[in-house]
Amino acid sequence: MSGNVKCESPVSFPIKPPGQTKVWKVIEIKVPKSATPIKFSIQEVPEDRYEEIVEYMCKYFIVDEPICKSFNGINDPEFVEDFRQFWKEFIKHGLTVAAFVENPNGGKPIIAAVNMLALSLKEDDMELDALKTEKGQRLMTVLVNLSKEANIYEKYGVDRYMSAFGLSVHPFYRGAALGAHLLNARTDIGREYKISVTSTAFTSPISQKLAARCGFETVAEKNFNEFVDEDGNEILPGIESKCLKIMAKKLY
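Right, let's walk through the structure included here. (Residues numbered from 1 in each chain as written. Predicted model: local features only at pLDDT ≥ 70, side-chain atom pairs only at ≥ 80, totals over all residues. Heavy atoms only, no water.)

Here's the deal with the overall build of the chain
And step 1. For the chain, the count of helices and strands is seven helices and eight strands.
And step 2. The C-alpha atoms of the chain give a radius of gyration of 18 Å, which matches the 18 Å a tight globule of 252 residues would have.
And step 3. With respect to the three principal axes, the spread of C-alpha positions in the chain is 55 × 45 × 30 Å.
And step 4. Across the 252 residues in the chain, those meeting the buried criterion constitute 52%.
And step 5. Of all intrachain contacts in the chain linking residues separated by at least 6 positions in sequence, the fraction that spans at least 24 positions is 74%.
And step 6. Accessible surface computed for the chain: about 12,400 Å², of which carbon and sulfur atoms make up 50%.
And step 7. Taking the 32 positively charged and 35 negatively charged side chains of the chain as two groups, their mean positions are separated by 8 Å. (Helix = DSSP H or I, 4+ residues; strand = E, 2+ residues; numbered from the N terminus. Rg over C-alpha atoms; globule rule 2.2 N^0.38 Å. Buried < 20%, exposed > 50% of the residue type's maximum accessible area, 1.4 Å probe, protein only. Contact = heavy atoms within 4.5 Å. Areas by Shrake-Rupley, 256 points an atom, 1.4 Å probe, with all protein chains shown as cover. Lys, Arg positive; Asp, Glu negative; His and termini not counted. Charge placed at Lys NZ, Arg CZ, Asp CG, Glu CD.)

Right, dumping it as structure tokens:
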């Protein structure tokens, strides 16, 4: 869909207003590594958990995500710190969603899964220097260039959309469809904060299939070996995934 851009109301950050944290859904599902069903709260992240969420992503997302994995990023302190500083700013938008589990020891709820969300604005879209290290710059070159080809603003006729930069499920809680629950929570988030479209770069075949099952459509796609520098050298040699997909979904 294209046409005139629909201008929404002015934006102020954080998007989440002060007050009680919103819970989007409470689910009870069986996890392969647990003998009994576990109750998960799919919800906004309280501000006092922001730092923990960022550290969680540094520990688990960087290990698994195909581009980061191809860089052996988890063993590169500068690369990890680059992501840490980026996520510290990203999470301040107030949209990030997580799955929490009640702590049996009575402490703070345990982080089971996270999807880092933010608002992308047409007049202030993500740039190549969002990450500063050489590896980070290569990663951003691939993501930003294909995102520009996707042109979400024009395709959906909007001046903003919900973007994401990382979805991770804790190894213990995998196999319980938590990733799908986090992706589907974007519908409630979008309706609550009047964000009608969401779009994400999906880098692995598993996440791409998951997104498709959750109603996302592919708006741009390119094989990783087609991303080359000015000398014709691959930007991301050795990556295990075949292609990068920009996928989007109308939320209402």
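Moving on from the coordinates now.
A short note on unusual backbone geometry
And step 1. Even without a glycine there, the phi angle at Ala177 is positive, about 65°.
And step 2. For Ala177, the position within the fold is in the loop between β5 (160–169) and α6 (178–193).
And step 3. Using a relative accessible area of 45% as the deciding quantity, one classes Ala177 as partly exposed.
And step 4. You will see that Lys194, though not glycine, has its phi angle at about 55°, which is positive.
And step 5. Its location among the elements puts Lys194 in the loop between α6 and β6 (197–202).

What about helix α1 (residues 50–64)?
And step 1. When the terminal C-alpha atoms of α1 are compared, their 21 Å separation across 15 residues agrees well with the 21 Å that a helix rising 1.5 Å per residue should span.
And step 2. Residue Met57 marks the point of greatest curvature in α1, where the axis turns by about 30°.
And step 3. Regarding α1, the residues found buried are Tyr50, Ile53, Val54, Tyr56, Met57, Cys58, Tyr60, Phe61 and Ile62.
And step 4. At its buried positions, α1 is contacted by α2 (66–70), α3 (77–90), β3 (97–101), β4 (110–121) and β5. (Expected span 1.5 Å × (residues − 1). Bend = angle between axes of the 7 residues up to and from the residue.)

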